[in-house]
Amino acid sequence: MRHIYTYTLLILALFFLASCSSSSTSSTAHGNAPANLDFSTTRLSEAGHYRVSYTSELNPIAINQLHTWTLHIETVEGTPVENAVIQVYGDMPEHRHGMPTAPKVTQYLGDGNYRVEGMRFQMGGWWEVVFEIEADGETDRVAFNLMLR
Amino acid sequence: MRLGVARSERLFLLAVSGVMALLLGVSAVVFLTDSPTWSPDEVALLRSLSLDALEPLPPDPSNRVADNPDAIALGERLFFDVRFSANGAVSCASCHMPERYFTDGRPFGVGVGVIPLNTMTLIGAAYSPWFTWDGKADSQWAQALLPLENAVEHGGNRTLYAHLIAEYYVAEYEALFGPLPDLSHLPRNAGPVDDPVAAAAWEAMTPEEQDAINRIFANMGKALAAFQRTLLPQPARFDRYVASLNDDGRSSQPGILSEEEIAGLRLFIGKGQCINCHNGPRFTNDAFHNTGVPAAPGYPVHRGRIDGVARVQSDLFNCLGPYSDAAPEECTALRFVVTEGDTLPGGMKTPTLRNVAETAPYMHTGQFATLADVIEHYNAGGGLALFGHNELHQPLNLTATEAKQLEAFLHTLTEEPMPPEEP
């Protein structure tokens, strides 16, 4: 007999929850990136040679603004990587285009830090920014995920 | 199964049903009348489109008179002066008509001849790193020089313009740029233009003479640019609506936008994917895209950005050239220009959507007469690119009602005060 009370109370509770969560949550144009993307700003390079991190002078990163990043490269043991030759490009995996600029590493700042000028994103959504790093005869690659508004 | 249910239980069930019905009714009313129009993410996105988010106009280091009031005044007079043309009848305002938001309402511009490109608005253009549909200029002053010596636009040439400056604007010019050189010995018509006589006369001039004329020509462009930098977007009904939005996603002044326009705005930032390229307070990302727009019938296919890049890199009047006032490191557009890749062939600059309802026809050669035509193009996923490839993915699947809602929203981007009158 008691289970009737329990049962109806449970239905009431669920009903309450459902009616409370009816806020508007419609998606915007860029919301189809895969779940569980790693957005961390420090990542191990793909072949495991380097630990790479970036900081942006524009924080949070906004679209349509030319800005500069600083890239830090160190070995997995924590030794700064100097004299790296670095290529940079960005890509929107959901669209058929990359960045509106061709960013360049323009200066070695010491202590494994590199100045990356010419960063600009023209669209909100999921971006991949890829650095191809060549140092001491080793070539490796690291890709950072960004979700821009 | 039990046949008899105790009366107390029946009463309880009745009460529960009543409460549930009441809750259902209340939540329906709440949903219909008081649920927020926008989520917090959407409010942030809408605010990013508002003029309130527009940054101050960045300086143009390549133009040292860019914000000089005397240069603005000189530039404004030059802008409307029909003497600066081959036939004495064409000024910048012939195509960039102030009363039409600095466009002309025609598929093609009409100067001395017919220009097989649609006239872009100048309002807010100064914010862009690139100018013209394919970005063949990297500053507004370098852009201003292109139509002046194009055979079908103003149709004139560099020495003609230098002589006209000496004849009609010498005081204003010299106050800004220093003494004019003696031009009396130079031909009336000479310049690196299509006209073979003027071109031969230009070739016959010494490099020093050419340099002196180039400098006057560049300075004219800098004054014209100074004036154009004052043509800034003005608030539209859309901006008033966004300003009325509270953080909770509700408008504090209902009625600024109609339900249809709000539905169109939701499509603009969502299903329609318009915001991908038409983003920021000017509704443009200033980038180059190929969406498979058809060519104008009877005209060759424009090659777009791939030609624009080549032109701007070799332009004598670019930011890195001898007539620029910028230090090389300040020429960021050129330093980081994209010179290869799939996005260049057929790429055209995203135009602003501010005042778009008043600036028909659309696309780089005015291929589409109405906003409905443009929406239909995108709804189909763009067209088959005649050069390069269409970067759009797939049809948008907007219904006829949704297409109308989107169009209704675009009408809310028209600035509310009337456009400036011709002086």
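Residues numbered from 1 in each chain as written. Chains lettered and ligands numbered in written order. Predicted model: local features only at pLDDT ≥ 70, side-chain atom pairs only at ≥ 80, totals over all residues. Heavy atoms only, no water.

### Considering the packing of aromatic side chains
1) Next: Scanning the entire structure with this criterion turns up 23 aromatic pairs over all chains.
2) Next: When the centroid spacing of 4.1 Å and the interplanar angle of 10 degrees are considered together, the rings of Y54(A) and W69(A) count as stacked. Taken together, the residues span a long stretch of sequence, with Y54(A) in strand β2 (residues 50-56) and W69(A) in strand β3 (residues 67-75) at a distance of 15 residues. For the pair Y54(A) and W69(A), one class covers both residues: buried.
3) Next: A centroid spacing of 5.6 Å and a plane angle of 65 degrees characterise the contact between F268(B) and F283(B), whose relative ring orientation is edge-to-face. One end of the pair, F268(B), is in helix α10 (residues 259-269); the other, F283(B), is in the loop between α10 and β3 (288-289), with 15 residues separating them in the sequence. Here F268(B) matches F283(B) in class, with each residue buried.
4) Next: Here a set of aromatic residues connected by ring pairs shows up, and it is made of F84(B), W141(B), Y161(B), Y169(B), F217(B), F317(B) and Y323(B).
5) Next: Sitting over the face of the ring of W141(B), K222(B) holds its NZ or CZ atom 4.8 Å from the ring centroid. (Phe/Tyr/Trp six-rings, centres within 6.5 Å; stacked < 30°, edge-to-face > 60°. Helix = DSSP H or I, 4+ residues; strand = E, 2+ residues; numbered from the N terminus. Buried < 20%, exposed > 50% of the residue type's maximum accessible area, 1.4 Å probe, protein only. Lys NZ or Arg CZ within 6 Å of the ring centre and 35° of its normal.)

### Observations concerning helix α6 (residues 170-177) of chain B
Residue and element names in this part refer to chain B.
1) Next: Residues Y173, L176 and F177 constitute the buried set of α6. One side of α6 carries all its buried residues, which in axial view fall inside an arc of 75 degrees. Exposed positions of α6 whose direction lies more than 90 degrees from the buried face are A171 and A175.
2) Next: Two residues or fewer after α6 comes G178, characterised by a positive phi angle close to 90 degrees. (Arc of directions from axis to C-beta.)

### Some thoughts on the nonpolar core
Residue and element names in this part refer to chain B.
1) Next: Of all hydrophobic cores here, the largest spans 49 residues; its most connected members are L78, F79, F84, L148, Y161, I165 and F317.
2) Next: Contributions of two or more residues to this core are made by α3 (69-79), α4 (140-148), α5 (158-168), α6, α7 (196-203) and α8 (207-228).
3) Next: If one sorts the elements of this core by residue count, α8 sits on top with ten residues.
4) Next: With residues up to four places along the chain from it excluded, the contact list for L78 reads F84, I165, Y169, M220, A223 and L224.
5) Next: Counting 35 residues, the second largest nonpolar core, distinct from the first, contains L245, L353, Y362 and L413. (Core = buried A, V, L, I, M, F, W, Y, C linked by side-chain atoms within 4.5 Å. Contact = heavy atoms within 4.5 Å.)

### What to know about the state of the cysteines
Residue and element names in this part refer to chain B.
1) Next: Counted according to the given criterion, the structure contains one disulfide over all chains.
2) Next: With no disulfide of its own, C274 lies closest to C277 among cysteine sulfurs, the gap being 9.7 Å.
3) Next: Take C274: its relative accessible area is 18%, and that puts it in the buried class.
4) Next: Take C277: its relative accessible area is 17%, and that puts it in the buried class. (Disulfide = S-S within 2.5 Å.)

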